[in-house]
Amino acid sequence: MLELRDIHTYYGNIHALKGVTLRVEKGEIVCLIGANGAGKTTTLMSISGVTPPRQGTVAFLDEDVTRFTTEKIVARGITQVPEGRMIFPRLTVRENLLMGAYLRKDKDGIKAGEERAYELFPVLRERRTQMGGTLSGGEQQMLAIGRALMAQPALLLLDEPSLGLAPMVVENIFEIIQQINAEGVTVMLVEQNAQMALQISHRGYVLETGAVILEGPSADLLADPKVRLAYLGLD
Ligand code: ATP
C-alpha cells in the first residue's frame, strides 16, 4: 500500500533521514520505534508531504506521491494525527471533528462519520458542545483521532498517541486503534512507548539517527535482545 524507497529528508542543512526504506501493507498496523531525534516524526512528515524528501520516493497505492502537496495526499487517503494532537482549542468538539472533513462534500457521509466518532469515543458525544481546549489530554487525543477519521483515510499516521497520558488512558486508546484497524483502516504508528506499540502492531521498524537499523514482525522485535535492552529497558 505504502512504500518508502531510500528517502532522504533535510531541515536546511540538517540531514534528518538518511535513506529510509520501508513498506506498509493494506490492513497492517506497522510501528516505528526509536529514541528521541531518531527521525520518526520526520518519516511521517515525509509521507504526508509536510517535509517532502529531497531524494528517494514515496509511493502510495502504486502512485508516486513524493512531490504531492499535503492536501493532495489527504485526498488520496492518508491522514496524519500530529504529535501533541493540535486540536483547535477555541472550536467545539463537534467543530473540530468537522474540520477533519473539510475536503468532503457528502453531507450524509459527514454526518455518519461524526456519529461513528461518537460511537468510538462516547466521551466526545458528551462533550460535543465544549471547547476543544477544555478537554483532558486523553480526550484531546481521542478528538484528534476522531477528526482524522472524518477524512475517511485508508492509511492513518499516528504520531505518539500515548504521549503524556496515564497508563489506563493509553490502554483505551490503543484498544481503539486496534478496533479502527480491524474495521479496515491501515495504521502506521510512531511511538516512544515501544512495548505497547510492539504489542498491538503486526510489524515494526527501529530507527536510529535517521536510518532503519532493524525490522521484522513485532513479536520478533519484542524478543530481540538489542530491542529489549535499548528500547524496552529489559535484559
Ligand atoms: P521525537 O520523539 O523527539 O519527536 P523523532 O524520532 O520523531 O523524535 P524527529 O523529530 O523526526 O525525531 O527528528 C529527527 C532529526 O531532525 C533530529 O535530529 C531533530 O533535531 C531534527 N529536526 C526535527 N525537526 C526539525 C526542525 N523543524 N528543524 C531542524 N531540525 C529538526
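As shown above, the structure is provided for reference.
The rules behind the values
Residues numbered from 1 in each chain as written. Predicted model: local features only at pLDDT ≥ 70, side-chain atom pairs only at ≥ 80, totals over all residues. Heavy atoms only, no water. Salt bridge = Lys/Arg side-chain N within 4 Å of Asp/Glu carboxyl O. Buried < 20%, exposed > 50% of the residue type's maximum accessible area, 1.4 Å probe, protein only. Near = heavy atom within 4 Å. Polar contact = N/O pair within 3.5 Å; in protein donor to acceptor, adjacent residues only side chain to side chain. Areas by Shrake-Rupley, 256 points an atom, 1.4 Å probe, with all protein chains shown as cover. Helix = DSSP H or I, 4+ residues; strand = E, 2+ residues; numbered from the N terminus.

Participant: I keep staring at the pattern of salt bridges and nothing clicks. Help me out?
Facilitator: One side chain can pair with another of opposite charge once the charged atoms of both are near each other. By the definition in use, this model includes 11 salt bridges. The shortest N-O distance in the salt bridge between Glu-25 and Arg-23 comes to 2.8 Å. You can call Glu-25 partly exposed: its relative accessible area is 35%. The shortest N-O distance in the salt bridge between Glu-63 and Arg-76 comes to 2.7 Å.

Participant: How should I be thinking about the site of the ligand in this particular structure?
Facilitator: Looking at the ligand, there are 14 residues lining it, with Gly-37, Gly-39, Lys-40, Thr-41 and Thr-42 nearest. With respect to the ligand, the side chain of Asn-36 contributes an N or O atom lying 3.0 Å from an oxygen atom. Contact distances for the ligand include 2.5 Å between an oxygen atom and a side-chain N or O atom of Thr-42. Contact with the protein chains hides 62% of the accessible area of the ligand, taken as 620 Å² for the molecule alone. Among the secondary structure elements, those contributing two or more residues to the shell around the ligand are β2 (14-24) and α1 (40-48).

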